[in-house]
Amino acid sequence: MKKNSFLEKFVVNPGGNLQGVFRVPGDKSISHRAIMLGAIAEGLTRVNGFLEGEDTLATLAVFKALGVSIDGPSSGQVVINGVGLHGLQAPSRALYLGNSGTSMRLLTGLMAGQGFSVEMTGDVSLSRRPMRRVTVPLSEMGARIEMNDEGTPPLKIQGGQSLQAINYKMPVASAQVKSCLLLAGLYANGTTCVTEPAPTRDHTERMLAGFGYQLKRDTGRVCLEGGGQLRGMLIDVPADISSAAFFMVGATIAEGSNILLEHVGINPTRIGVINILREMGADIRLLNEREVGGEPVADIRVCSSQLHGIEISREQVPLAIDEFPALFIAAACAEGQTILRGAEELRVKESDRIQVMADGLRTLGIVAEPTLDGMVIQGGQFKGGVINSYGDHRIAMAFAMAALCAKEPIIIEDCANVATSFPNFVNLAQVAGIDIKWQKNGDDDADL
Ligand code: S3P
């Protein structure tokens, strides 16, 4: 389903602070993987806390189209009747993945090993995103994939190819590429190994192990042998640290704030946002740390505090890769300069997050200098203004937080894609203390 997302905007009045106890929606990365691995497992997989956002619903719809019987989602519960590694069926039409890069890249690996052909398409943003990073190693494994000359979707994957295992050193630190190759490796002859240049999120590895699949993990390297079996399991999806990040930043920058974010995933490959904010002086405490279904989880207490600028260390970049829009807002509220380098990947996310954030920060009166691989931000005072989020969910939510410290209202255009990862964002933001309205189709009524 395509939409006129540019018509939807957030109107956010300045001031306020954040209070209360919240649970943000389920982790997007884990929700995608729960559907994918549950579908190719033997037997039932029950998922609690599934993210009912557009991206993960796109993945769910794909597996229904591939002949998998799935009940739900209903209040975050999904039951998948796994068909086994070789039970997927040819879809009757192209698979539409909306805005979701994770769906496209992971599914490319999974589809490369099937006996039937598929075509995968996406929205305008997804149709611009680079796919050679997955198609090049998959072709080395024997996959046959067609796409346009720019290396972007739609992708046509020819079925019935016999895949050979690969020993692949990734040139970019990407969990999507790693996961894509591991999924293809399930269907390959021999042992597939992927080496990463820096640690990236390891939900695929953890979940494969939970499904009873043998993996060998050493520092920076994971290997698996094709042709095994996954056994259905129970998956408890923690709240998404990437969604919690907006509220962590909001509570930090808005004086007098005190919030508790419940049951948030704190996988060490995801906590760059906490490490960076703490180094800037944030007051963030992890409470009740526990492990749920192979993933570490905690409740997170955040109180406001004065931040100072830092030079963000390069090793934190892949651990906070989705959180930079929010972190740039924090940097704009810090005393002094914040420097980010080594983050060129931000230029190929749902939007060019370096350029779009720099443009928005400048509109609000902040001195922000984009560089090829990062940004230099001078802390200052937000005035009001109109921001174009370019349909990027995380840009829209980040600037909504900026209003907490702004002098005048902030209007954020092209916000419909917030529903890809955080469908109840406006509602939660209101309850927490932000004066935000979601205007649809140009009318003045807030429509939640
Ligand atoms: C994801 C990995 C990251 C991240 C994306 C989700 C995943 O992408 O930006 O939102 O679920 O594997 P890269 O691995 O390409 O950096």
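In the block above lies the structure referred to throughout.
This structure is a prediction, so every number in the text was calculated from the model and none was measured.

Criteria and cut-off values
- Numbers given to residues run from 1 along each chain, matching the order in which its sequence is written.
- Owing to the predicted nature of the model, reporting of local features is limited to residues with pLDDT of at least 70; listing and counting of side-chain atom pairs is limited to 80 or more, with chain, interface and lining totals taken over all residues.
- Hydrogen atoms and water are omitted, and side-chain values are computed over all heavy atoms in the structure.
- Secondary structure elements follow DSSP: runs of H or I of four or more residues count as helices, runs of E of two or more count as strands, with numbering from the N terminus.
- Radius of gyration here uses only the C-alpha atoms, and the compact-globule reference equals 2.2 Å multiplied by the residue count raised to the power 0.38.
- Partly exposed residues are those whose accessible area sits between 20% and 50% of the maximum for their type, while under 20% is buried and over 50% is exposed, using a 1.4 Å probe and protein chains only.
- Contacts were defined at the residue level, with two residues in contact if any of their heavy atoms lie within 4.5 Å.
- Residue exposure ignores everything except the shown protein chains as possible cover, and the areas themselves are Shrake-Rupley values with a 1.4 Å probe.
- Under this rule, positive means Lys or Arg and negative means Asp or Glu; His and the chain ends count for nothing.
- All charge positions are set by atom: Lys at NZ, Arg at CZ, Asp at CG, Glu at CD.
- We define proximity as follows: a residue is near a molecule or strand when any one of its heavy atoms falls within 4 Å of that partner.
- We call two N or O atoms a polar contact when they sit within 3.5 Å, provided that within protein one can donate a hydrogen and the other can accept it, with sequence-adjacent residues counted only if both atoms are side-chain atoms.
- Any residue outside Ala, Val, Leu, Ile, Met, Phe, Trp, Tyr, Cys, Pro, Asp, Glu, Lys and Arg is labelled polar, Gly included; the first ten of those are nonpolar and the last four are charged.
- Where each domain begins and ends follows an automated or database-derived domain assignment.
- One bridge is not enough; two strands pair if DSSP finds at least two bridges between them.
- Axes here mean lines fitted to C-alpha atoms, for a helix over just the part in contact, with angles spanning 0 to 180 degrees between N-to-C directions.
- Pairing of aromatic side chains here covers Phe, Tyr and the six-membered ring of Trp, requires ring centres within 6.5 Å, and sorts the geometry by plane angle: under 30 degrees stacked, over 60 edge-to-face, intermediate tilted.
- In this analysis the charged atom, NZ for Lys or CZ for Arg, is taken to sit over a ring once it is within 6 Å of the ring centre and within 35 degrees of the ring normal.
- Geometric relationships in this document are graded by angle, where less than 35 degrees denotes roughly parallel, more than 145 denotes roughly antiparallel, 65 to 115 denotes roughly perpendicular, and other angles denote oblique.
- Note on convention: near helix rotated counterclockwise from far helix by under a right angle means a left-handed crossing. Clockwise means right-handed.
- Among buried residues, those of type Ala, Val, Leu, Ile, Met, Phe, Trp, Tyr and Cys that are joined through side-chain atoms within 4.5 Å constitute a nonpolar core.

1. Observations regarding the overall build of the chain
- Helix and strand counts for the chain come out as 12 helices and 23 strands.
- Taken against the 2.2 N^0.38 rule, which gives 22 Å for 448 residues, the C-alpha radius of gyration of the chain at 21 Å falls within 12% of a compact globule.
- Dimensions along the principal axes, computed over C-alpha positions, put the chain at roughly 60 × 45 × 40 Å.
- A total of 448 residues make up the chain; the buried ones form 59% of that total.
- Sequence-distant contacts in the chain: of pairs separated by 6 or more residues, those separated by 24 or more amount to 73%.
- Looking at the chain as shown, the accessible area adds up to about 16400 Å², and 47% of this sits on carbon and sulfur atoms.
- Between the centroid of the 40 positive side chains of the chain and the centroid of its 49 negative side chains there is a distance of 3 Å.

2. Brief notes about the site of the ligand
- Taken together, the residues surrounding the ligand are S29, R33, T102, S174, A175, Q176, R201, I321, D322 and K349.
- S174 places a polar side-chain atom, nitrogen or oxygen, 3.0 Å from an oxygen atom of the ligand.
- Take Q176: an N or O atom from its main chain is 3.0 Å from an oxygen atom of the ligand.
- About the coverage of the ligand: the protein hides 96% of its 380 Å² of free accessible area.
- Listed by contribution, the elements that provide at least two residues to the shell around the ligand are α1 (28-39) and α5 (175-185).
- Looking at the shell around the ligand residue by residue, the classes come out as 2 nonpolar, 4 polar and 4 charged.
- Two domains each put at least three residues into the shell around the ligand: domain 1 (9-26 + 238-439) and domain 2 (28-236).

3. Details of the sheet that holds strand β15 (residues 258-265)
- The mixed open sheet is built from 4 strands, whose spatial order is β2-β15-β17-β16. Sheet topology places β2 (19-22) and β16 (283-292) at the edges, where each strand pairs with a single neighbour. Averaged over all pairs of adjacent strands, the angle between strand axes in this sheet comes to 15°, irrespective of strand direction.
- Sheet analysis places β15 next to strand β17 (residues 295-303), joined by 6 bridges and oriented antiparallel. If you follow I259 over to β17, its bridge partner there is V302.

4. Notes on α5
- By the criterion of burial, α5 is predominantly enclosed, with 11 of the 11 residues buried.
- For α5, the set of buried residues is A175, Q176, V177, K178, S179, C180, L181, L182, L183, A184 and G185.
- The N-capping residue of α5, defined by a side-chain oxygen 3.2 Å from the backbone nitrogen of Q176, is S174.

5. Side note on the environment of R128
- Within the secondary structure layout, R128 lies in the loop between β7 (118-121) and α4 (132-141).
- On the basis of relative accessibility, which here comes to 61%, the residue R128 falls in the exposed class.
- Placed 163 residues apart in sequence, R128 and E291 show a C-alpha to C-alpha distance of 38 Å.

6. Structural notes on the packing of aromatic side chains
- For the structure shown, the criterion picks out 7 aromatic pairs.
- Consider the rings of F247 and F422, whose centres lie 6.1 Å apart with planes at 55°: the pair is tilted. With F247 in helix α7 (residues 241-253) and F422 in the loop between β22 (410-413) and α12 (425-432), the pair connects residues that are 175 residues apart, well separated along the chain.
- For F247, a relative accessible area of 1% puts it in the buried group.
- Ring geometry for F422 and F425: centres 5.3 Å apart, planes at 75°, overall edge-to-face. Residues F422 and F425 agree in their burial class; the two are buried.
- Through a chain of ring-to-ring contacts, the aromatic side chains of F10, F22, F247, F422, F425 and W438 assemble into a single cluster.
- Between K440 and the ring centre of W438, over which it is positioned, the NZ or CZ distance is 4.4 Å.

7. So, the packing of α1 against helix α6 (residues 203-210)
- α6 packs onto α1 with a crossing angle of 40° between their chain directions and a minimal axis gap of 10 Å. On the basis of their axis angle, the class for α1 and α6 is oblique. With respect to the hand of their crossing, α1 and α6 are arranged in right-handed fashion. Residue-level inspection shows S29, I30, R33, A34 and L37 of α1 in contact with α6, the latter providing H203, T204, M207 and L208.

8. Some remarks on the environment of E225
- Looking at where E225 falls in the secondary structure, it is placed in strand β13 (residues 221-225).
- Distance from E225 to V62, taken between C-alpha atoms, is 26 Å for residues 163 residues apart in sequence.
- Residues within four places of E225 in sequence aside, it is in contact with G185, G190, T191 and Y213.

9. Observations regarding the nonpolar core
- Membership of the largest hydrophobic core comes to 85 residues, with the highest contact counts inside it found for F10, F247, M248, L261, L361 and F425.
- Per element, the largest residue contribution to this core is 9 residues, and it comes from α7.
- Ignoring any residue separated from it by four or fewer positions in sequence, one finds F247 in contact with L18, V24, I259, L261, M401, F422, F425, L428, A429 and A432.
- Counting 64 residues, the second-largest nonpolar core is a separate cluster that includes A39, L126, L183 and L224.

Bear in mind that shape data such as this cannot, by itself, settle questions of function.
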